[in-house]
Amino acid sequence: MFWMVALLALDGRQYVYRVYAPRTALPADLFWAAFHCHDEGRGPRASDCFDAARIWWTGDGEDLTVHQY
């Protein structure tokens, strides 16, 4: 179905992006897809540190839970 990629921004916030890719997608490709989406937005610059990103699969049939902090 799709992946979720969370990127830390320089203002301390975390931005989460939905990346449509197959289950076999490489983590680096998912990271760069989300990073380039962030660069096109109006938010503050995201960290380009791959190790700071959180990437997880949202498989078929799983529900998304929205959290606001």
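As the structure is a computational prediction, the values presented were derived from the model and not from experiment. (Residues numbered from 1 in each chain as written. Predicted model: local features only at pLDDT ≥ 70, side-chain atom pairs only at ≥ 80, totals over all residues. Heavy atoms only, no water.)

Let us look at the sheet that holds strand S2 (residues 14-19). The three strands lie next to each other as S2-S1-S3, forming an open sheet whose pairing is antiparallel. Strands at the two margins of the open sheet, each flanked by one partner only, are S2 and strand S3 (54-58). Across this sheet, the average inter-strand angle for adjacent strands is 20 degrees, counted without regard to direction. Taken together, the six bridges between strand S1 (residues 2-8) and S2 define a ladder with antiparallel strand orientation. Counted as the bridge partner of Ala-6 is Val-16 from S2. (Pairing = 2+ DSSP bridges. Helix = DSSP H or I, 4+ residues; strand = E, 2+ residues; numbered from the N terminus. Axes fitted to C-alpha atoms, helices over the stretch in contact; angles between N-to-C directions.)

A separate point is the nonpolar core. With 16 residues, the main nonpolar core has Trp-3, Val-5, Leu-7, Val-19, Ala-21, Leu-30 and Ala-34 as its most contacted residues. Those elements giving two or more residues to this core turn out to be S1, S2 and helix H1 (27-40). Setting aside chain neighbours within four positions, we find Val-5 in contact with Tyr-15, Val-16, Tyr-17, Val-19, Leu-30, Phe-31, Ala-34, Arg-54 and Ile-55. (Core = buried A, V, L, I, M, F, W, Y, C linked by side-chain atoms within 4.5 Å. Buried < 20%, exposed > 50% of the residue type's maximum accessible area, 1.4 Å probe, protein only. Contact = heavy atoms within 4.5 Å.)

Bringing the pattern of salt bridges into the picture now. Taken as a whole, this structure holds one salt bridge when the rule is applied. When the shortest N-O distance is used, the salt bridge between Arg-13 and Asp-11 registers 3.8 Å. Residue classification places Arg-13 among the exposed residues on the basis of a relative accessible area of 54%. (Salt bridge = Lys/Arg side-chain N within 4 Å of Asp/Glu carboxyl O.)

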